[in-house]
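Chain residues, written in single-letter form:
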Amino acid sequence: MTVLTRRRRSLAALAGALALALVAGCAGAPEPGSPARSITAYTGATGQLTANFNPYILSSNQPGRGIIYETLMFLNRARADEPLPRLAEEYDWNDDGTAITFRLREGVQWTDGEPFTSADVVFTFELMQEHEALNTSSLPIESVEAAGDAEVTITFSRPAYTDLWTIASDTFIVPEHIWSDVEDPVTFGNAEPVGTGAFALESFSAQSYELTANEEYWDEGKPHLDSIRFVSHSGNQSALSALTAGQIDWASIFIPDIENTYGSRAEGNHYEVTPVYISTLGANLDEGPTSDLAVRQAIYRGIDRDQVNELNYDGLSTPATPGMLMLPREERFLAEELEGVVPTHEPDEARRILQDAGYTEGADGVFVSPDGEPLSIEVKVVTGYTDQIAALDVMRQQLAEVGIDLQPREVSFASFVADRDNGDFELVIDNLYGGVTPFTLYEDFYSSAAAPPIGQPAAKNFARFRSDVVDEALEEVAATEDEEAHAEAYARIQSEIAEQLPYIPILQSMALTQFAGAKVTGFPTADDPYALPMTHSSPDLGIVAANLRPAG
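Since the structure is predicted, the reported quantities are computational estimates derived from the model, not experimental observations.

(A) How the structure looks around the domain arrangement of the protein. Looking at the protein, the domain boundaries give domain 1 (70–180), domain 2 (199–269 + 516–550) and domain 3 (275–510). Relative to domain 3, the C-alpha centre of domain 2 lies at a distance of 31 Å. The interface of domain 2 with domain 3 comprises 12 residues on the first partner and 10 residues on the second. Together, the buried faces of domain 2 and domain 3 total about 730 Å²; carbon and sulfur atoms form 60% of this surface.

Written out as structure tokens, the structure reads:
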């Protein structure tokens, strides 16, 4: 199936792209001796692709969040930059942080030629206000008003200083002239997306889709590439084979022994190691065996993380704090009681916790609950995510020694997301991402407002953790820009979540990203981390895609 966009394109450019494709034989393979103007990327998609570019559906195709649709500003989580103007050129808060005014960039067009105006921004935030499922971070939007075509003021029911990242850098603006006719924006598949971004959808199939350069893009001179083809694979192993064969030019795959496996394999091969997320076992707190705190505490103490790190991640990961901060970036917010505290392997303590909670050891070595149920716990993982599958196998063996029968179950990416968000799981292995401060991660994954009942999709708090202590602390942080007050409130949050363990920390993990440097350059590096480099990181992938340029 081919989906043609409504974007205006010159016939000359189209002819050029076709000519290049004919010469190259496939996207991402340039004519010998000439710079590649088309590359192939892999976001981690597995199985058959679905033509879904709704930026508010987390299981949709990642380029919808950053490459096709854009945000008002960009706040860089890779370093403490000043906010970068995008669809808005500047903003300011009112005196108490309950209203923010954006002054919009003029001259921006949607890829169907319609002008981008304040009406689109008003429509987007009112859409989130009307549909709770789209307001994934529970922004307390009270009203949205435009002043002319280029200024919008959003008013909140409480101070929202700490929501800046979500408001400005994680809310994707959609066109009113198209989305106002959508019957249900929560489930809208959006197979023919019209955005303002650097690239637009050109064609789609169940195996791949191609984005081509937006010739009317507002950022003059960008993008530098003609097209990016995104592909699906059956899993990491298949993607790794394609990467090392030179069939993928931009990917974020965990690769054991990456220097020998990829870095030194071909001239120009480049990889970045980026500390960005905390790997966890997310627990279902509303039902099943992991709703018992004693079980979560036993799992926490039953895992030998050093062994997991060495066997599965080449020792590249680092210990995670039970306070769930990204260290050392957020060390100034670490609670005094948690300084130097990392999860330790305490199998005897794990067994004692279960025994004190009334569990008895069965003849097969597996503990039995006070209700007579064997402590067998299913943990869901995406099919083909070989690093996570291997890590679970190590943890399965470790937890067996403390009487817990861990049962990994592989499911497709789409099923994983649906089951995780709707609460159809006992444990899932997943990564927790935050924003530019601890607030975003705490609000996304630990606020009661983000925890719907089982059966209703959770935006991020899929464990369904609810705590008055955390909610009150989050309100205090949101009400002030005082960092000392933030640190005090964050300390209370850390104490609470380290005790309750809704997301059992495994490791603070490094994302590996690969670029075929012989074909493409302009990517973020350790010396110039202008954005997170990963193909699955939004909105960063849009910033990176616009800056990539042919090598040579």
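Let us keep going from here.
(B) Layout of the environment of Ser203. Checked against the element boundaries, Ser203 lands in strand β8 (residues 199–204). A relative accessible area of 22% places Ser203 in the partly exposed class. Separated by 127 residues in the primary sequence, Ser203 and Asn76 place their C-alpha atoms 31 Å from one another.

(C) Focus on the packing of helix α7 (residues 293–302) against helix α9 (residues 347–356). Running from N to C, α7 and α9 point in directions that differ by 170 degrees, and their axes come no closer than 8 Å. As the angle between them shows, α7 and α9 are arranged roughly antiparallel. Where α7 approaches α9, its residues Ala294, Val295, Gln297, Ala298, Arg301 and Gly302 are matched on the opposing element by Pro347, Glu349, Ala350, Ile353 and Leu354. Partitioning the contact of α7 with α9 into residue classes produces seven nonpolar, two polar and two charged.

(D) Layout of unusual backbone geometry. The residue after Lys222, namely Pro223, is reached through a cis peptide bond having omega -5 degrees. Residue placement: Pro223 occurs in the loop between β9 (208–213) and β10 (227–233). Cis peptide bonds are those with omega within 30 degrees of zero, and the linkage from Ser538 to Pro539 qualifies with 0 degrees. With respect to the helices and strands, Pro539 occurs in the loop between β19 (520–521) and α15 (540–547). Positioned with a positive phi, Asp257 is a non-glycine residue whose angle comes to about 50 degrees. Residue position: Asp257 is located in the loop between β11 (250–251) and α6 (258–263).

(E) Structural view of the sheet that holds strand β6 (residues 141–146). If you trace the four strands from one edge of the open sheet to the other, you get β4-β5-β7-β6, paired in antiparallel fashion. On the outer flanks of this sheet lie β4 (88–93) and β6, each paired with one strand and no other. Averaged over all pairs of adjacent strands, the angle between strand axes in this sheet comes to 15 degrees, irrespective of strand direction. Pairing between strand β5 (residues 99–104) and strand β7 (residues 151–156): five bridges, direction antiparallel. When the sheet's bridge partners are listed, Arg103 is paired in β7 with Glu151. Sheet strands touched by helix α2 (residues 118–130): β5, β6 and β7. Its angle to β6, the strand with the most contacts, is close to 165 degrees.

(F) Helix α12 (residues 438–446), seen in detail. α12 sits mainly inside the fold: nine of its nine residues count as buried. Among the residues of α12, those classed as buried are Pro438, Phe439, Thr440, Leu441, Tyr442, Glu443, Asp444, Phe445 and Tyr446. In this structure, the buried residues of α12 make contact with α3 (164–169), β17 (427–432), α13 (468–478), α14 (483–500) and β18 (503–516).

(G) Structural detail: the sheet that holds strand β1 (residues 38–46). Strand order in the open sheet made by the 10 strands is β8-β9-β10-β1-β11-β18-β12-β17-β15-β16, with mixed pairing throughout. Each edge of the sheet is formed by a strand with only one pairing partner; in this case those strands are β8 and β16 (405–411). Note: β8 against β9, five bridges, orientation antiparallel. Its bridge partner lying in β9, Phe199 is registered against Ala213. Here helix α5 (residues 236–244) sits on the sheet and contacts β1, β10, β11 and β18; the angle it forms with β10, its principal contact strand, is near 140 degrees.

(H) Local environment of the pairing of β8. For β8, the tally of buried residues reaches five of six residues, placing the bulk of the element in the interior. What sits between the antiparallel neighbours β8 and β9 is a turn of three residues.

(I) Molecular detail of the pairing of β6. Where β6 and β7 come together, five bridges link them in antiparallel fashion. In the strand pairing of β7, Ala146 is matched with Val152. From the end of β6 to the start of β7, which pair antiparallel, there are four residues, and Gly148 there has a positive phi angle of about 75 degrees.

(J) Structural detail: the pattern of salt bridges. Taken as a whole and judged by the stated rule, the model has 27 salt bridges. The partner of Arg158 in a salt bridge is Glu443, with the nearest N and O atoms 3.2 Å apart. Highlighted residues: Arg158 in the loop between β7 and α3 and Glu443 in helix α12, separated in sequence by 285 residues. By relative accessible area, which is 7% here, Glu443 ends up buried.

The rules behind the values
- Residues numbered from 1 in each chain as written.
- Predicted model: local features only at pLDDT ≥ 70, side-chain atom pairs only at ≥ 80, totals over all residues.
- Heavy atoms only, no water.
- Domains from an automatic or database assignment.
- Contact = heavy atoms within 4.5 Å.
- Buried area = accessible area lost by both parts, 1.4 Å probe.
- Helix = DSSP H or I, 4+ residues; strand = E, 2+ residues; numbered from the N terminus.
- Buried < 20%, exposed > 50% of the residue type's maximum accessible area, 1.4 Å probe, protein only.
- Axes fitted to C-alpha atoms, helices over the stretch in contact; angles between N-to-C directions.
- Parallel < 35°, antiparallel > 145°, perpendicular 65-115°, else oblique.
- Nonpolar A, V, L, I, M, F, W, Y, C, P; charged D, E, K, R; others polar.
- Pairing = 2+ DSSP bridges.
- Salt bridge = Lys/Arg side-chain N within 4 Å of Asp/Glu carboxyl O.

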